Amino acid sequence: VAADWTIPRASTGGIAHDRHMGGRRPVHHRSDGGLGLRARVSSDRERRGGATRNPGDAGQGKLLHLLARAIGAQRILEIGTLGGYSTIWLARALPSDGRLVTLEVDPEHAAIARRNIAGAGLGAVVDVRLGDALDSLRKFAAEHGPPFDFVFIDADKATTAEYFDLAVQLSR
């Protein structure tokens, strides 16, 4: 069921009424710490009848940001991009010379994420790779490149164990 949001005009910190959640709650794309994500993620979800994953809320994004900063992450791997919401939070935790690689299987989601990432001014920091995540992870392992400091797995849950095993090989 797609939520019925009444979005305030304020650019950040807004509150909306969600009739399906029984009251007022923060709107993820308005109370997002100024990330400036487009409503395309929500419209994509609604167009598909709610079938796509819901982007994380600001609290989840802030937690990812805090964790990445706390460990001093220089290289981040994200498995599952969707609209780039978590990607932007994580990328903003990186130092100026940091790098984030995110893997997305759906071309439409990858295109939306690229637009959102560019709109956030992070296009030079983030590498959105389109294709099967397991194939990409195996390729990374074969290349013996520098390890990742932080890995966020938010993709196909049935394959999480395989993602995890490969991610451990690619991490410090």
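So, a few notes on the structure that sits alongside this text. These numbers come from a predicted model, not from an experiment.

**Here we look at the pattern of salt bridges**
Step number 1: The full count for this structure, using the stated rule, is four salt bridges.
Step number 2: Note that R129 and D127 form a salt bridge whose closest N and O atoms lie 2.7 Å from each other.
Step number 3: Here R129 falls in the partly exposed class, since its relative accessible area comes to 29%.
Step number 4: Measuring nitrogen to oxygen at the nearest pair gives 2.3 Å for the salt bridge that ties D149 to R172. Linking D149 in the loop between α5 (133-143) and β7 (150-153) with R172 in the segment after α6 (160-169), this pair joins segments that are 23 residues apart in sequence.
Step number 5: For R172, a relative accessible area of 70% gives the class exposed.

**Brief notes about the nonpolar core**
Step number 1: Core analysis: the largest hydrophobic core is formed by 20 residues, its most contacted members being I76, L90, L122, V126 and F150.
Step number 2: At the level of elements, α2 (58-70), α3 (85-91), α4 (107-119), β6 (126-130) and β7 are the ones that each hand at least two residues to this core.
Step number 3: Those residues within four positions of F150 in sequence are excluded, and the remaining contacts are L64, L67, A68, I71, A73, R75, I76, L77 and L90.
Step number 4: Of all hydrophobic cores here, the second largest spans 13 residues; its members include I79, V101, Y163 and L170.

**Section: the sheet that holds strand β5 (residues 99-104)**
Step number 1: Reading across from one edge, β6-β5-β4-β7 is the order of the four strands in this open sheet, with parallel pairing throughout. The outermost strands of the open sheet, each flanked by one partner alone, are β6 and β7. Strand-to-strand twist of the sheet, defined as the mean angle between neighbouring strand axes without regard to direction, takes the value 15°.
Step number 2: Two strands pair when backbone bridges link them, and strand β4 (residues 75-79) and β7 are joined in this way by four bridges, in the parallel orientation. Within β7, the position partnered with I76 by the bridge is F150.

**A closer look at a nonpolar patch on the surface**
Step number 1: On the surface, L63, L66 and L67 cluster together to form a nonpolar patch covering roughly 280 Å² of accessible area.
Step number 2: Owing to a relative accessible area of 47%, L63 belongs among the partly exposed residues under this scheme.

**Remarks on α2**
One turn of the α-helix equals 3.6 residues, which is why residues spaced by three or four share an orientation.
Step number 1: The end-to-end C-alpha distance of α2 is 18 Å, a good match for the 18 Å that 13 residues give at a rise of 1.5 Å each.
Step number 2: Along α2, the residues that are buried comprise A58, G61, L64, H65 and A68. Down the axis of α2, the buried set is contained in an arc of 125°. They therefore lie on one face. The exposed residues of α2 that point more than 90 degrees off its buried face are L66 and A70.
Step number 3: Next to the buried residues of α2 lie β4, α3 and β7.
Step number 4: G72, located one to two residues past α2, shows a positive phi value of around 65°.

**With respect to the environment of P107**
Step number 1: Assignment of secondary structure puts P107 in helix α4.
Step number 2: Here the alpha-carbon distance between P107 and G131, two residues 24 residues apart in the chain, equals 8.3 Å.

**Comments concerning the environment of T160**
Step number 1: Mapped onto the fold, T160 is located in helix α6.
Step number 2: A relative accessible area of 28% means that T160 is categorised as partly exposed.
Step number 3: Each C-alpha atom, one on T160 and one on I79, is 9.5 Å from the other, the two residues being 81 residues apart in sequence.

Definitions and cut-offs
- Residues numbered from 1 in each chain as written.
- Predicted model: local features only at pLDDT ≥ 70, side-chain atom pairs only at ≥ 80, totals over all residues.
- Heavy atoms only, no water.
- Salt bridge = Lys/Arg side-chain N within 4 Å of Asp/Glu carboxyl O.
- Buried < 20%, exposed > 50% of the residue type's maximum accessible area, 1.4 Å probe, protein only.
- Helix = DSSP H or I, 4+ residues; strand = E, 2+ residues; numbered from the N terminus.
- Core = buried A, V, L, I, M, F, W, Y, C linked by side-chain atoms within 4.5 Å.
- Contact = heavy atoms within 4.5 Å.
- Pairing = 2+ DSSP bridges.
- Axes fitted to C-alpha atoms, helices over the stretch in contact; angles between N-to-C directions.
- Patch = residues over 30% accessible without salt bridge, like charges linked within 9 Å, V, L, I, M, F, W, Y side chains within 5 Å.
- Areas by Shrake-Rupley, 256 points an atom, 1.4 Å probe, with all protein chains shown as cover.
- Expected span 1.5 Å × (residues − 1).
- Arc of directions from axis to C-beta.

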